[in-house]
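Take a look at the letters that make up each chain.
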Amino acid sequence: MSESIQSPLSSKTEAPSETTLVGTGMLIEQLLRGEFICRTTNEDGWRALKSPHTFEKIEQYLNQINRTISSAAEGDVFFCGYQQLGEQEKKVISSQFKDICSALVPLVEWLVLVQESSGQDAPLSEGAPIRLTELQARIEDTPAFMEQLAKLSHYRLFGSTSHNVDNQIKLVFKRLVELGYLVKPNSEKQIYIATGKLDYLYEVIRFIDETEGLSLEAQAETATQRDLV
């Protein structure tokens with residue numbers, strides 16, 4: 001598949017370029033699989049998409065199959081969208097949006113838990129490391145954090161049935177890697193890195209907040225302040 005995709009984007013008269021070096025065909029396949037390309041998940045692919053020349057080549061190919069390159073986080077996260085929306089495309093987008101919405105509560109609760117237990121002022125964003133051992137120790141030292149973890153780990157998104165903190169937190173992080181919100185660069189170390197899909201999630205939350213008038217940010221701030229009192 002890689003060869004068949006790459007061929008219409010190549011030219012026999014072109015000198016070898018970054019497009020060839022990063023494997024344009026593989027990059028297109030990742031986009032079509034619904035992956036989010038950022039500096040953390042695929043730095044070579046991210047740099048390629050940052051190049052106007054490569055971006056245009058990939059965009060031209062995707063346009064032939066009614067796809068386009070979309071971006072989030074002010075152009076630092078790339079993903080594949082539809083160029084034109086027919087009935088079938090609308091159904092797919094609607095289904096994807098429902099999936100995201102159904103996962104919002106557990107994801108937001110996890111983000112709040114990480115931010116509060118880490119004592120961070122800003123929410124987790126792409127490229128930020130999470131040291132699982134340190135996070136687990138802070139959670140175990142605070143009963144309120146243990147309750148938060150137990151609650152969110154039992155949501156359907158994570159599906160934990162354990163009452164053990166170690167089992168709960170490891171399952172949550174394993175699932176977040178599977179969903180593309182985290183990566184674990186070294187299998188031997190308990191260090192995870194946040195991906196650009198989190199930044200995309202924030203934009204989805206802002207979109208829902210603005211269109212539905214839910215004031216999610218204000219509610220989250222109020223809840224945080226209440227917890228600190």
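This structure is a prediction, so every number in the text was calculated from the model and none was measured.

About the thresholds
- Residues numbered from 1 in each chain as written.
- Predicted model: local features only at pLDDT ≥ 70, side-chain atom pairs only at ≥ 80, totals over all residues.
- Heavy atoms only, no water.
- Helix = DSSP H or I, 4+ residues; strand = E, 2+ residues; numbered from the N terminus.
- Buried < 20%, exposed > 50% of the residue type's maximum accessible area, 1.4 Å probe, protein only.
- Contact = heavy atoms within 4.5 Å.
- Areas by Shrake-Rupley, 256 points an atom, 1.4 Å probe, with all protein chains shown as cover.
- Pairing = 2+ DSSP bridges.
- Salt bridge = Lys/Arg side-chain N within 4 Å of Asp/Glu carboxyl O.
- Axes fitted to C-alpha atoms, helices over the stretch in contact; angles between N-to-C directions.
- Parallel < 35°, antiparallel > 145°, perpendicular 65-115°, else oblique.
- Left-handed = near helix turned anticlockwise from the far one by under 90°.
- Nonpolar A, V, L, I, M, F, W, Y, C, P; charged D, E, K, R; others polar.
- Core = buried A, V, L, I, M, F, W, Y, C linked by side-chain atoms within 4.5 Å.
- pLDDT = per-residue confidence, 0-100.

Engineer: Hey, could you run me through the overall build of the protein chain in this one?
Structural biologist: Tallying secondary structure elements over the protein chain gives eleven helices and five strands in all. A burial count over the protein chain gives 37% of its 229 residues as buried. Residue pairs at least 24 apart in sequence account for 51% of intrachain contacts in the protein chain once pairs closer than 6 positions are excluded. Roughly 13300 Å² of accessible area belongs to the protein chain as shown, and the carbon and sulfur atoms make up 51% of that amount.

Engineer: In this structure, what is going on with the pairing of strand E5 (residues 191-194)? I would like to understand it.
Structural biologist: On a regular strand, each side chain points to the face opposite its neighbour's, so the side chains alternate between the two faces of the sheet. Where strand E3 (residues 129-131) and E5 come together, three bridges link them in antiparallel fashion. What sits directly across from Arg 131, in E5, is Ile 191. The pairing of strand E4 (residues 182-183) with E5 spans two bridges and is antiparallel. Looking at the pairing, Val 183 lines up with Ile 193 of E5.

Engineer: Before we go on, may I ask you to explain the pattern of salt bridges in this structure?
Structural biologist: Where side chains of opposite charge bring their charged atoms close, a pairing between them can arise. In total, this model carries eight salt bridges according to the counting rule given. With a closest N to O distance of 3.4 Å, Arg 39 and Glu 43 form a salt bridge. With relative accessibility at 34%, the residue Glu 43 sits in the partly exposed group. The salt bridge partner of Glu 178 is Lys 174, with a shortest N-O separation of 2.8 Å. Taken together, the residues Glu 178 and Lys 174, both in helix H9 (residues 165-179) and four residues apart, mark about one turn of the helix. You can call Glu 178 partly exposed: its relative accessible area is 48%. Overlapping salt bridges bring together Arg 39, Glu 43 and Arg 47 as one network.

Engineer: Can you walk me through the sheet that holds E4 in this structure?
Structural biologist: In a beta sheet, neighbouring strands are held together by backbone hydrogen bonds and run either parallel or antiparallel to one another. Spatially, three strands are ordered E3-E5-E4 in an open sheet, and the strand pairing comes out antiparallel. Only two strands of the sheet have a single neighbouring strand rather than two, namely E3 and E4. On the sheet, helix H7 (residues 132-140) packs against E3 and E5 and is oriented at approximately 60° with respect to E3.

Engineer: Hey, could you run me through unusual backbone geometry in this one?
Structural biologist: What is expected of a backbone is that most residues other than glycine have negative phi and most peptide bonds are trans. The phi angle at Asn 66 is positive, at roughly 60°, despite the residue not being glycine. If you trace the backbone, Asn 66 turns up in the loop between helix H5 (52-63) and strand E1 (67-72).

Engineer: Looking at this model, I keep getting lost on the packing of helix H6 (residues 87-118) against helix H8 (residues 143-153). Mind explaining?
Structural biologist: Working note: a packed helix pair is described by the angle between its axes plus the distance between those axes. Packing of H6 against H8 brings their axes to within 10 Å, and their N-to-C directions diverge by 160°. With respect to H8, the axis of H6 lies roughly antiparallel. Both H6 and H8 take part in a crossing whose hand is left-handed. For the pair formed by H6 and H8, the contact residues are Glu 109, Trp 110, Val 112, Leu 113, Glu 116 and Ser 117 on the first element and Phe 145, Gln 148, Leu 149, Lys 151 and Leu 152 on the second. Across the contact of H6 with H8, the residue classes tally to six nonpolar, two polar and three charged.

Engineer: What is the right way to read the nonpolar core from this model?
Structural biologist: Among soluble globular proteins, nonpolar side chains are generally buried collectively. Counting 39 residues, the largest nonpolar core has Trp 110, Phe 173 and Leu 201 as the members making the most contacts within it. Elements supplying a minimum of two residues to this core: strand E2 (77-82), H6, H7, H8, H9, E5 and helix H10 (196-212). If you tally residues by element for this core, the top one is H6, at eight residues. Setting aside chain neighbours within four positions, we find Trp 110 in contact with Leu 124, Ile 130, Leu 152, Val 172, Phe 173, Leu 176 and Leu 182. The next biggest cluster of nonpolar side chains, apart from the first, holds 13 residues, and it includes Ile 28, Leu 49, Leu 62 and Ile 69.

Engineer: Explain the confidence of the model for the protein chain here, please?
Structural biologist: In regions of low pLDDT, the predicted coordinates are not meant to be interpreted in detail. Looking at the protein chain, the pLDDT average stands at 83 and 82% of residues meet or exceed 70. Predicted confidence for residues 1-22 stays below pLDDT 50, and this span has 30 contacts to residues more than four positions away or in other chains. Low pLDDT, under 50, characterises residues 219-229; the predicted model gives this stretch three contacts beyond four residues in sequence or across chains.

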